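Residue-level listing of the chains:
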Amino acid sequence: MSKILIVEDEPDMVTGLRDNFELEGYQVIVARDGEEGLKKALEEKPDLIVLDLMLPKMSGLDVCRNLRKNSFDSPILMLTARGQELDKVLGLEVGADDYITKPFGLNELLARVRAHLRRATHEVSTIENYAFGDVAVDFQKFKAIKNGTPVELSPREFELLKFLVNHRGETVTREQLLDAVWGYDAMMFTRTVDNHVAKLRQKIEDDPENPAFIMTVHRVGYRFVG
Ligand code: CA
């Protein structure tokens with residue numbers, strides 16, 4: 001069971017988040033100010049933190065900075081209010097993984113939490129380099145070469161390829177790809193996956209119409225072979 005720490009001083013927000021996280025089956029811990037948040041994060045080692053930016057005693061930014069200094073490496077999702085755009089940038093600089101602006105839709109938040117938790121647990125076993133056919137990819141440096149020539153892949157295409165390679169030999173559904181690469185569950189957007197796969201094939205397959213690596217699994221999704 002994943003453990004989530006909520007660091008937030010607004011009681012209604014805390015109640016809403018806690019109830020919904022518990023419904024999702026997460027174990028929830030709450031801290032009401034920055035100092036308490038920092039302390040509980042280091043003691044309880046949660047799998048994810050939802051961290052409000054404006055907090056009594058110590059700001060969310062300082063909490064985040066302190067945690068990363070202490071080698072805390074679980075995902076941190078920051079809550080910001082409208083008009084705190086600068087703080088968002090700072091938040092990412094001090095080591096937050098994501099931010100969500102209040103007021104936000106609960107489904108969006110839950111989907112992001114799910115995606116971050118999944119990514120965090122997968123990260124341990126993911127590979128950094130992979131070669132197939134005449135293609136070599138360095139996922140860490142975001143570099144790809146095909147037949148000696150650099151290939152321009154967008155960050156999304158790298159993520160997509162990485163997920164496929166990490167699950168090579170398995171059939172992965174469009175929904176799994178959406179969830180892992182885009183971070184939300186939405187049946188209606190499965191076409192997005194198809195479009196990105198088509199673009200990726202143009203770049204890495206010799207004959208994109210007859211792919212040798214990213215195979216289509218009829219009505220289900222895709223399978224990477226190679
Ligand atoms: Ca607050």
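Everything numeric here is computed off the predicted structure, so don't read it as measured data. (Residues numbered from 1 in each chain as written. Predicted model: local features only at pLDDT ≥ 70, side-chain atom pairs only at ≥ 80, totals over all residues. Heavy atoms only, no water.)

S.K.: What am I meant to see in helix α3 (residues 60–69) here?
M.R.: Residues separated by three or four positions in an α-helix point in the same direction, a consequence of the helix having 3.6 residues per turn. When α3 is considered as a whole, its buried residues turn out to be Gly60, Leu61, Val63, Cys64 and Leu67. Burial along α3 is one-sided: seen end-on, the buried residues are contained in an arc of 160 degrees. Looking one or two residues past α3, Ser71 carries a phi angle of roughly 60 degrees, positive in sign. (Buried < 20%, exposed > 50% of the residue type's maximum accessible area, 1.4 Å probe, protein only. Helix = DSSP H or I, 4+ residues; strand = E, 2+ residues; numbered from the N terminus. Arc of directions from axis to C-beta.)

S.K.: It is not clear to me how the coordination of the calcium ion should be interpreted in this structure. Could you clarify?
M.R.: Geometrically, a metal with four donors at the corners of a regular tetrahedron has ideal angles of 109.5 degrees, and one with six donors at the corners of a regular octahedron has ideal angles of 90 or 180 degrees. Every protein donor of the calcium ion is accounted for by Asp9 (OD), Asp52 (OD) and Met54 (O), and the metal-donor separations fall at 2.1 to 2.4 Å. Mapped onto the polypeptide sequence, the residues donating to the calcium ion form the spacing pattern D-x42-D-x1-M. Of this pair, Asp9 sits in the loop between β1 (3–7) and α1 (11–23) while Met54 sits in the loop between β3 (48–52) and α3; the two residues are 45 residues apart in sequence, bridging distant segments of the chain. By relative accessible area, Asp9 is classed as partly exposed at 31%. Taking the relative accessible area as the measure of exposure, Met54 reaches 54% and is therefore exposed. (Donors = N, O, S within 2.8 Å, 3.2 Å for Na, K, Ca; no water.)

S.K.: Looking at this structure, I do not really get the packing of aromatic side chains. What am I missing?
M.R.: Here the distance between the centres and the angle between the planes together describe a pair of aromatic rings. Under the counting rule described, the total for this entry stands at 7 aromatic pairs. Among the aromatic side chains, those forming a connected cluster through ring pairs are Tyr130, Phe132, Phe213 and Phe224. (Phe/Tyr/Trp six-rings, centres within 6.5 Å; stacked < 30°, edge-to-face > 60°.)

S.K.: Any chance you could explain the pattern of salt bridges here in plain terms?
M.R.: For side chains bearing opposite charge, pairing can occur when the charged atoms are close. Scanning the entire structure with this criterion turns up 16 salt bridges. Taking the shortest distance from any N to any O, the salt bridge between Lys57 and Asp33 comes out at 3.7 Å. Here Asp33 lies in the loop between β2 (27–31) and α2 (34–44) and Lys57 lies in the loop between β3 and α3, a separation of 24 residues in the sequence. The salt bridge involving Asp194 is made with Arg174; its shortest N-O contact spans 2.6 Å. (Salt bridge = Lys/Arg side-chain N within 4 Å of Asp/Glu carboxyl O.)

S.K.: Just checking my understanding: could you explain the sheet that holds strand β8 (residues 143–146) for this structure?
M.R.: The strands making up a sheet associate through backbone hydrogen bonding, with each pair oriented either parallel or antiparallel. The 4 strands are arranged β6-β7-β8-β9 in an open sheet whose pairing can be described as antiparallel. Of all the strands in the sheet, just β6 (129–132) and β9 (149–151) have a single pairing partner and so form its edges. Averaged over neighbouring strand pairs, the angle between their axes works out to 20 degrees when direction is ignored. The strands touched by helix α6 (residues 155–166) within the sheet are β6, β7 (135–138) and β8, with β7 carrying the most contacts at an inclination of about 105 degrees. (Pairing = 2+ DSSP bridges. Axes fitted to C-alpha atoms, helices over the stretch in contact; angles between N-to-C directions. Contact = heavy atoms within 4.5 Å.)

S.K.: I tried to follow the sheet that holds β2 on my own but got confused; where do I start?
M.R.: A sheet is described by the order of its strands in space; here 5 strands give the open sequence β2-β1-β3-β4-β5, paired in parallel fashion. Either end of the sheet is taken by a strand with one partner, and the two such strands are β2 and β5 (98–102). On average, adjacent strands in this sheet sit at an angle of 20 degrees to one another, irrespective of strand direction. When β1 meets β2, the two strands line up parallel, connected through 5 bridges. Looking at β2, one finds that Val7 is bridged to Ala31.

S.K.: Which parts of the structure should I look at to understand the domain arrangement of the protein chain?
M.R.: Put simply, an interface is often sized by how much accessible area is lost when its parts join up. The domain boundaries assigned to the protein chain delineate domain 1 (3–122) and domain 2 (129–224). Taking only C-alpha atoms into account, the centre of domain 1 sits 31 Å from that of domain 2. (Domains from an automatic or database assignment.)

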